[in-house]
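# An overview of the molecular structure
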Amino acid sequence: AYTVTTTGTCNPHTASGIIYVQSQTVALASGTNSPAVCVNTPVSISYTLGGTATSALATGLPAGVTVGGTAPAVTISGTPTVPGTYPYLLITSGTCTPDTVYGTITVQTQAITLLSGNNLQTVCINAPLNNIQYQVSGTATSASVTGLPTGLLGTYNSGFLIIHGTPTVSGIFNYTITTSGTCAAVTATGTITVTPAASLALTSAAGTDAQVVCNGSSITNITYAVTNATSASASGLPTGVLGNYAGGVFTISGAPTVPGTFTYTVTTSGGCGLATATGTITSNVQTIALTSGSASP
């Protein structure tokens, strides 16, 4: 309010009036201007507009969150869909100079990330796994794993989960890691293939792996099934007898050309570990010996 008074001769004269100084204002009404919420969880922040402010706009909001309403109240609300930190600016509109307010919406989530190792790993049975390490972050406070073969473990410690150990069973194992803590749990998956040990099994008739034949006569073929290996070979065979691998079968065949008893060993190659099988081949010759009298009478 103001008053104007004249000066000079005669009685002074006065006049009064009021000058209104206007502005736009915005103030937090409810909630906090720096909330931390889980992804896909609703958020709401209310502001009161004053003065000549009629509405407000906001920049920097996360996806899924908008501002709405008119004077005297506007609200920042919605469901954020992308995790991250979002500094925002709320600015009024109307006559006079706009007013502004700042805030930050933090959108949180649990997270798990493969840090090292191969999550699609093939390992031999009874052989150590190359450790697989995951980092557990965000609002996750722990993690566990299911689906591992016997002999493997998942150990959580201080933000890291490590899969380690020595598998004792063969097969294909699809595992799942699940986090725990505030916000929704997240998962990570992988596959561990445990290859069984190589093996040999006699598939020809029983006793063919301990044959007795005349020298120069063919043996009955000796066959072995080769499993979980890529080949096989034999040592200790008599001259004239050979071993051949084809299509998962190892065959020993031929005719010994030297007499004697020969112990052979079949050994696999190209698989997990070595499998062996042994047998004997005896090559006889006919002999004649003078037992009385003289060969030249």
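About the thresholds
Residues numbered from 1 in each chain as written. Predicted model: local features only at pLDDT ≥ 70, side-chain atom pairs only at ≥ 80, totals over all residues. Heavy atoms only, no water. Disulfide = S-S within 2.5 Å. Helix = DSSP H or I, 4+ residues; strand = E, 2+ residues; numbered from the N terminus. Contact = heavy atoms within 4.5 Å. Buried < 20%, exposed > 50% of the residue type's maximum accessible area, 1.4 Å probe, protein only. Pairing = 2+ DSSP bridges. Axes fitted to C-alpha atoms, helices over the stretch in contact; angles between N-to-C directions.

So, about the state of the cysteines. Under the counting rule described, the total for this entry stands at 2 disulfides. Disulfide pairing is shown between Cys 38 and Cys 183; the S-S distance is 2.0 Å. Judged by the sign of its S-S torsion, about -85°, the bond between Cys 38 and Cys 183 is left-handed. Residue Cys 38 is found in strand β4 (residues 36-38), and its partner Cys 183 is found in the loop between β17 (171-181) and β18 (187-195); the two are separated by 145 residues along the sequence. In this model, Cys 124 is linked to Cys 272 through a disulfide, with the two sulfur atoms separated by 2.0 Å.

With that settled, the discussion passes to the environment of Gly 94. The topology assignment puts Gly 94 in strand β9 (residues 84-94). In the structure, Gly 94 is positioned 138 residues away from Ala 232 in sequence and 89 Å away in space, judged by C-alpha atoms. When residues no more than four places from it in sequence are discounted, the contact partners of Gly 94 are Gln 24, Thr 52 and Thr 54.

Residue Pro 72 is bonded to the preceding Ala 71 through a cis peptide linkage, with omega at 10°. Along the chain, the position of Pro 72 falls in the loop between β7 (65-68) and β8 (73-78). A positive phi angle is found at Asn 126, which is not glycine, with a value near 65°. Note that Asn 126 resides in the loop between β12 (120-124) and β13 (132-138). Backbone geometry places Asn 228, a non-glycine residue, at a positive phi of 60°. On the basis of relative accessible area, Asn 228 is assigned to the partly exposed category, the value being 33%.

Pairing geometry for strand β20 (residues 210-214) and strand β26 (residues 276-284), over 5 bridges, is parallel. Bridged to Ala 210 within β26 is Thr 280. Relative to β26, strand β25 (residues 260-269) runs antiparallel, the two sharing 8 bridges. Across the sheet, Thr 267 pairs through a bridge with Thr 276, a residue of β26. Between β25 and β26, which pair antiparallel and follow one another directly, the connecting turn spans 6 residues, one of which, Gly 270, has a positive phi of 80°.

Moving on, we get to the sheet that holds β20. If you walk across this open sheet you meet the 4 strands as β20-β26-β25-β22, and the pairing is mixed. The sheet is open, and its two edges are formed by β20 and β22 (231-235), each paired on a single side. Pairs of neighbouring strands in the sheet enclose a mean axial angle of 25°, with direction left out of account.

What follows concerns the pairing of strand β5 (residues 43-51). Here strand β3 (residues 24-30) pairs with β5 via 6 bridges, running antiparallel. Its bridge partner being in β5, Thr 25 is matched across the sheet by Gly 50. Pairing analysis gives 6 bridges linking β5 to β8, with the strands arranged antiparallel. Within β8, the residue paired with Tyr 47 across the bridge is Val 74.

Mapped onto the fold, Pro 35 is located in the loop between β3 and β4. Each C-alpha atom, one on Pro 35 and one on Thr 104, is 6.9 Å from the other, the two residues being 69 residues apart in sequence. Each residue touching Pro 35, except ones within four places of it in the same chain, is listed here: Val 43, Ile 45, Thr 104, Ile 105 and Thr 106.

This brings us to the sheet that holds β7. Across the sheet, 4 strands lie side by side as β3-β5-β8-β7; this open sheet has antiparallel pairing. Single-partner strands in this sheet number two, and they are β3 and β7. Sheet twist, expressed as the mean angle between neighbouring strand axes with direction ignored, is 20°. Where β7 and β8 come together, 4 bridges link them in antiparallel fashion. What sits directly across from Gly 68, in β8, is Thr 75.

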